[in-house]
Amino acid sequence: MAGTGTRRSGHDLLGIYLNDHLAGATGGGELARRVAGSHQGPAAESALQRLAADIAQDRAALLDIMAALSIPARAYKVYVAWIGEKAARLKLNGYLLTRSPLSSLEELEMLRLGVEGKAAGWRTLRTLADSDNRLDPGRLDELISRAQRQADLIEELRMRAANQVIAMGRATDGS
């Protein structure tokens, strides 16, 4: 539509933006549940289950914000993200029936990127809250803080996974 010269209103653009974030939240929630289910060990598993629950709550918060702003959720974007997350599982990694040693590292990196994107979305909405009384600045501040805690946790787990992959490589190299 960009080529047609049609101009969209700010509300339309915000709707597109928030629906894109909703699609990301859908894919991210699916990925978080999958990651939580695939990690061994009580500490990581428990932390990842809490993370998956938090990410689901963040998606619900986004839907609440969209409702407050009278922005409808676009189901087709949500479905595409859901299908995309499922399709991402089919990547060719040399391991047909089992997980690749890189799977955890790559999944945690994708989660980290998603959380960083979500935090950017919350910060954008926080700026908008200064001029739109339908948005709760305090709630957005909480969501921003929670996203930072999520990013910190994911980074800690990601570094552990990276160290395991590096150690595995050294063991096979004989280093």
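Model, not experiment: these values are computed from the prediction.

Analysis parameters
- Residues numbered from 1 in each chain as written.
- Predicted model: local features only at pLDDT ≥ 70, side-chain atom pairs only at ≥ 80, totals over all residues.
- Heavy atoms only, no water.
- Helix = DSSP H or I, 4+ residues; strand = E, 2+ residues; numbered from the N terminus.
- Contact = heavy atoms within 4.5 Å.
- Salt bridge = Lys/Arg side-chain N within 4 Å of Asp/Glu carboxyl O.
- Buried < 20%, exposed > 50% of the residue type's maximum accessible area, 1.4 Å probe, protein only.
- Axes fitted to C-alpha atoms, helices over the stretch in contact; angles between N-to-C directions.
- Parallel < 35°, antiparallel > 145°, perpendicular 65-115°, else oblique.
- Left-handed = near helix turned anticlockwise from the far one by under 90°.
- Nonpolar A, V, L, I, M, F, W, Y, C, P; charged D, E, K, R; others polar.

Q: Give a description of the environment of Ala-36 that names residues and reports values.
A: Structurally, Ala-36 can be placed in helix α1 (residues 10–38). Apart from residues lying up to four places away in sequence, Ala-36 is in contact with Glu-45, Leu-48, Gln-49 and Ala-52.

Q: How would you explain the pattern of salt bridges if you had to name every residue and give the values?
A: Going through the model one piece at a time under the given rule, you end up with 14 salt bridges. Between Arg-158 and Glu-155 there is a salt bridge, with the nearest N and O atoms lying 2.9 Å from each other. Within this pair, Arg-158 and its partner Glu-155 are both found in helix α5 (residues 137–173), separated by 3 residues, close to a single helical turn. Judged by its relative accessible area of 17%, Arg-158 falls in the buried class. Judged by relative accessible area, which is 25%, Glu-155 ranks as partly exposed. Where Glu-156 meets Arg-160, a salt bridge forms, and the shortest distance between an N and an O atom there is 2.5 Å. Taken together, the residues Glu-156 and Arg-160, both in helix α5 and 4 residues apart, mark about one turn of the helix. Assessed through its relative accessible area of 43%, Glu-156 is described here as partly exposed. When salt bridges with common partners are traced through the structure, they connect Glu-109, Arg-112, Glu-116, Glu-155 and Arg-158 into a single cluster.

Q: Got a sec to walk through the packing of α1 against helix α2 (residues 42–68)? Specific residues and values, please.
A: Two numbers describe how α1 lies on α2: the axes approach to 9 Å, and their chain directions differ by 160°. Relative to α2, the element α1 is oriented roughly antiparallel. For the pair α1 and α2, the crossing hand works out as left-handed. Touching Leu-18, Asn-19, His-21, Leu-22, Ala-25, Thr-26, Gly-28, Gly-29, Ala-32, Arg-33, Val-35 and Ala-36 of α1 are Glu-45, Leu-48, Gln-49, Ala-52, Ile-55, Arg-59, Leu-62, Leu-63 and Met-66, all from α2. The class makeup of the residues in the contact of α1 with α2 is 12 nonpolar, 6 polar and 3 charged.

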